[in-house]
Amino acid sequence: MRIAMIANLNKEHALQTVERLITLLGAGAEVIAEKALEPFIKGFAAKEDAELFQSADAVVVLGGDGTILSAARRCAVYGSPIIGINMGHLGFLTTMESGNIEAAAKKILDFDFQIEERMMLRAEIMGGGQILAAYHALNDAVVCRAVPDRILNLSITERGGFVSDFCADGVVLATPTGSTAYSLSCGGPLAYPSAQMILVTPICPHALSARPMVMQPDADIRICARGEARLSIDGQDGRELMPGETVRITKSPYLTRLARIEGKDFYSLVETKLGGRFSHET
């Protein structure tokens with residue numbers, strides 16, 4: 001068994017946890033780490049992404065949801081399952097907490113998980129009939145204002161057909177996984193994470209008619225933003241949009257494969273992490 005490891009060393013006690021986990025996993029598997037960990041862990045194999053993910057049976061990620069999102073975009077093309085160990089606050093995408101690292105190591109070595117396949121989005125910046133930049137997102141692609149206090153005029157079409165025109169601070173294009181993130185805070189619906197759909201949620205719209213929408217997974221969505229705008233990918237990547245550029249959103253050909261512990265269903269997770277009020281009674 002070959003295990004790749006990614007870690008956010010800015011988290012408290014992260015380095016000690018990584019070192020302990022390497023020792024525990026090393027008893028039953030070959031462990032390799034991302035190149036960024038090489039200066040901190042001596043006598044340990046560190047690889048660039050292509051070597052790190054290509055032959056990994058699993059990718060262990062220590063950090064919070066932001067670390068998971070970054071890892072998902074990096075390794076989706078290789079199809080490696082992600083096992084997240086939460087060292088942050090919310091940890092909605094992680095598999096387990098870091099409090100009992102011995103139990104975590106045993107589950108990893110036994111591969112005592114279910115694997116969920118999560119839809120991703122492909123976001124393209126278009127200009128002059130060409131693709132100028134392309135990204136893949138696990139949570140969301142957001143077209144938002146680049147300058148504070150400047151509103152955007154947004155036009156949305158799907159396969160050339162009119163969908164909506166409105167003024168707003170922006171619009172969130174989210175996967176079901178991302179329905180519990182920025183989309184939710186903007187008034188978007190919750191969606192079961194393994195579902196197939198694209199959620200379109202306006203950000204602070206200046207029109208009563210601009211409502212959240214659920215679109216089919218094979219939708220081909222174009223967003224034209226008039227005003228100073230930028231494209232944000234999972235809140236971590238992207239760039240400002242130049243005049244005349246548009247954003248195209250489609251379903252990504254890649255999936256994120258997330259490990260889940262059996263018995264922890266989505267609705268219980270929402271109640272625990274987000275303070276929901278879901279009942280198990282009918």
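Above this note sits the structure.
This report concerns the structure included in the present document. The shown structure was predicted, so the numbers you read here are calculated from the model rather than taken from an experiment.

Looking now at helix α3 (residues 65-75). Residues of α3 that are buried: D65, T67, I68, L69, A71, A72 and C75. In the core, the buried residues of α3 are packed alongside β1 (2-7), α2 (49-54), β4 (58-63), β5 (82-86), β7 (114-127) and β18 (246-260).

We now examine unusual backbone geometry. The phi dihedral of H13 is positive, around 65°, even though this residue is not glycine. Here H13 lies in the loop between β1 and α1 (14-25). A positive phi angle is found at C204, which is not glycine, with a value near 45°. Here C204 shows up in the loop between β13 (198-203) and β14 (213-215).

Moving on, we get to empty space enclosed by the protein. For the structure on display, the rule yields one cavity of 30 Å³ or more. Class assignment for the residues of the lining of the largest cavity results in six nonpolar, two polar and two charged.

With that settled, the discussion passes to the packing of aromatic side chains. Tallied over the entire structure, the rule returns five aromatic pairs. Plain terms: the ring middles of Y192 and Y267 are 5.8 Å apart, the flat faces sit at 45° to each other, and that makes the pair tilted. A residue pair is termed long-range when its members are at least 10 positions apart, and Y192 in the loop between α5 (182-185) and β13 and Y267 in helix α6 (residues 266-274) qualify at 75 residues. We classify Y192 as partly exposed; its relative accessible area is 38%. Plain terms: the ring middles of F266 and Y267 are 5.4 Å apart, the flat faces sit at 65° to each other, and that makes the pair edge-to-face. In this structure F266 comes out as buried when scored by relative accessible area, which is 9%. Put simply, the rings of Y192, F266 and Y267 pair up and form one aromatic cluster.

Let us look at the sheet that holds strand β16 (residues 229-233). Judged by pairing direction, the sheet is antiparallel, and its six strands sit side by side in the order β14-β13-β12-β9-β16-β17 without closing on themselves. Edge strands, defined here as strands with exactly one partner in the open sheet, are β14 and β17 (237-240). Taking the axes of each pair of neighbouring strands and ignoring which way they run, one obtains an average angle of 15° across the sheet. Bridging between strand β12 (residues 170-174) and β13 involves five bridges; their strand directions are antiparallel. Residue pairing across strands places L173 opposite V200, the latter belonging to β13.

So, how was this worked out
Residues numbered from 1 in each chain as written. Predicted model: local features only at pLDDT ≥ 70, side-chain atom pairs only at ≥ 80, totals over all residues. Heavy atoms only, no water. Buried < 20%, exposed > 50% of the residue type's maximum accessible area, 1.4 Å probe, protein only. Helix = DSSP H or I, 4+ residues; strand = E, 2+ residues; numbered from the N terminus. Contact = heavy atoms within 4.5 Å. 1 Å grid on protein atoms, 1.4 Å probe; cavity = no way out; pocket = protein on both sides within 12 Å on 5 of 7 lines; lining within 4 Å. Points joined across faces, edges and corners; volume = space filled by probe spheres on them. Nonpolar A, V, L, I, M, F, W, Y, C, P; charged D, E, K, R; others polar. Phe/Tyr/Trp six-rings, centres within 6.5 Å; stacked < 30°, edge-to-face > 60°. Pairing = 2+ DSSP bridges. Axes fitted to C-alpha atoms, helices over the stretch in contact; angles between N-to-C directions.

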